[in-house]
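Breakdown of the fold
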Amino acid sequence: MMVNKLNRVEYSKILLSLLFTSGFASAEPVIEQDMSPTLTVQFEDQSNIQANKFLEETFKAFIDRDKSHLKSMISESFVQKFGDDKNTHDEFIQHASVLSEQLTRMDIVFEDVNVDADGTVSEIHTVEVTKHDGSRSKFKLYAFYYFDHMGAVKLIDELSIQIEGAVEDQDMGSRTR
């Protein structure tokens, strides 16, 4: 019986040494490199629960590193208008990808949400973002979401103003690089 226990101890030592020398196990902490930024969403206006759910789902898909759900929510002819400029479908996906890479956190407070008779969603929200370097910016946005006959978003028409943050982040709401 003593020999059997001794063999198990030796066997365990051999397995552990193989495990640690193979690089499979390490004393270094594992850092997940492919994590999406943290998102918090609050609604001050609770009068349009379905629109609120749509907006929350849209921003979750927007900030998620996996863009497959976002792509399924917008039409092929989708356009994001901001001021006097625009992003096409592919540019909007690129915009979402860039922010997913650059940000660690996005906190959104929807102040007002409305739904027109034709289904257009209009909203006012404030968003505070935190970049990997710890710097923060804050924006106020006024946005309208228009849908095609299949229910996909075909146009987001928005205006934003930077409230806080670095001048180089003024394009945060539309940047594609």
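I will try to describe carefully the structure that is included in this document. (Residues numbered from 1 in each chain as written. Predicted model: local features only at pLDDT ≥ 70, side-chain atom pairs only at ≥ 80, totals over all residues. Heavy atoms only, no water.)

**A look at the overall build of the protein chain**
For the protein chain, the count of helices and strands is four helices and seven strands. Listed by position from the N terminus, the elements making up the protein chain come as α-β-α-α-β-β-α-β-β-β-β. Across the protein chain, the fraction of contacts at a sequence separation of at least 24, relative to all contacts at a separation of at least 6, is 55%. Working note: accessible area of the protein chain is about 11300 Å², and carbon and sulfur atoms make up 54% of it. (Helix = DSSP H or I, 4+ residues; strand = E, 2+ residues; numbered from the N terminus. Contact = heavy atoms within 4.5 Å. Areas by Shrake-Rupley, 256 points an atom, 1.4 Å probe, with all protein chains shown as cover.)

**Looking at a negative patch on the surface**
A cluster of acidic side chains, namely Glu 76, Asp 84, Asp 85, Asp 90 and Glu 91, defines a negative patch on the protein surface. As for its placement among the helices and strands, Asp 84 is situated in the loop between strand E2 (74-82) and strand E3 (85-88). Judged by relative accessible area, Asp 84 falls into the exposed class, the value being 80%. (Patch = residues over 30% accessible without salt bridge, like charges linked within 9 Å, V, L, I, M, F, W, Y side chains within 5 Å. Salt bridge = Lys/Arg side-chain N within 4 Å of Asp/Glu carboxyl O. Lys, Arg positive; Asp, Glu negative; His and termini not counted. Charge placed at Lys NZ, Arg CZ, Asp CG, Glu CD. Buried < 20%, exposed > 50% of the residue type's maximum accessible area, 1.4 Å probe, protein only.)

**Re the nonpolar core**
In terms of nonpolar packing, the biggest core is built from 32 residues, with Leu 55, Met 106, Phe 110 and Tyr 145 touching the most fellow members. At seven residues, the largest contribution of residues to this core is made by helix H2 (residues 49-63). (Core = buried A, V, L, I, M, F, W, Y, C linked by side-chain atoms within 4.5 Å.)

**Here we look at the environment of Ser 47**
Checked against the element boundaries, Ser 47 lands in the loop between strand E1 (38-43) and H2. We classify Ser 47 as exposed; its relative accessible area is 55%. Expressed as a C-alpha distance, the spacing of Ser 47 and Asp 112, which sit 65 residues apart in the sequence, is 9.2 Å. At a separation of 2.5 Å, a polar atom in the side chain of Ser 47 contacts the side chain of Asp 45. In this structure the side chain of Ser 47 is engaged in a polar contact, spanning 3.3 Å, whose partner is the side chain of Asn 48. (Polar contact = N/O pair within 3.5 Å; in protein donor to acceptor, adjacent residues only side chain to side chain.)

**Things to note about H2**
Its 15 residues give H2 an end-to-end C-alpha distance of 21 Å, which sits within 8% of 21 Å, the value for a rise of 1.5 Å per residue. Buried residues of H2: Ala 51, Asn 52, Phe 54, Leu 55, Thr 58, Phe 59, Ala 61, Phe 62 and Ile 63, and no others. (Expected span 1.5 Å × (residues − 1).)

**Overview of the sheet that holds E1**
Sheet strands pair via backbone hydrogen bonds, and the direction of the pair is either parallel or antiparallel. Pairing within the open sheet is mixed, and its seven strands lie in the order E1-E4-E5-E6-E7-E2-E3. The strands lining the two open edges of the sheet, one partner per strand, are E1 and E3. Here the strands of the sheet are splayed against their neighbours by 25 degrees on average, with no regard to which way each runs. Sheet contacts for H2: E1, strand E4 (103-115), strand E5 (121-131), strand E6 (136-147) and strand E7 (153-164); angle to E4, the most-contacted strand, approximately 155 degrees. (Pairing = 2+ DSSP bridges. Axes fitted to C-alpha atoms, helices over the stretch in contact; angles between N-to-C directions.)

**A word on the pairing of E7**
Pairing geometry for E2 and E7, over five bridges, is parallel. For Phe 82, the partnering residue across the bridge sits in E7 and is Glu 158. Both E6 and E7 contribute to a ladder of 10 bridges, which runs antiparallel. Bridge assignment links Tyr 142 to a residue of E7, and that residue is Leu 159. Here E6 folds back onto E7 in antiparallel fashion, the turn holding five residues, of which Gly 151 has a positive phi close to 95 degrees.

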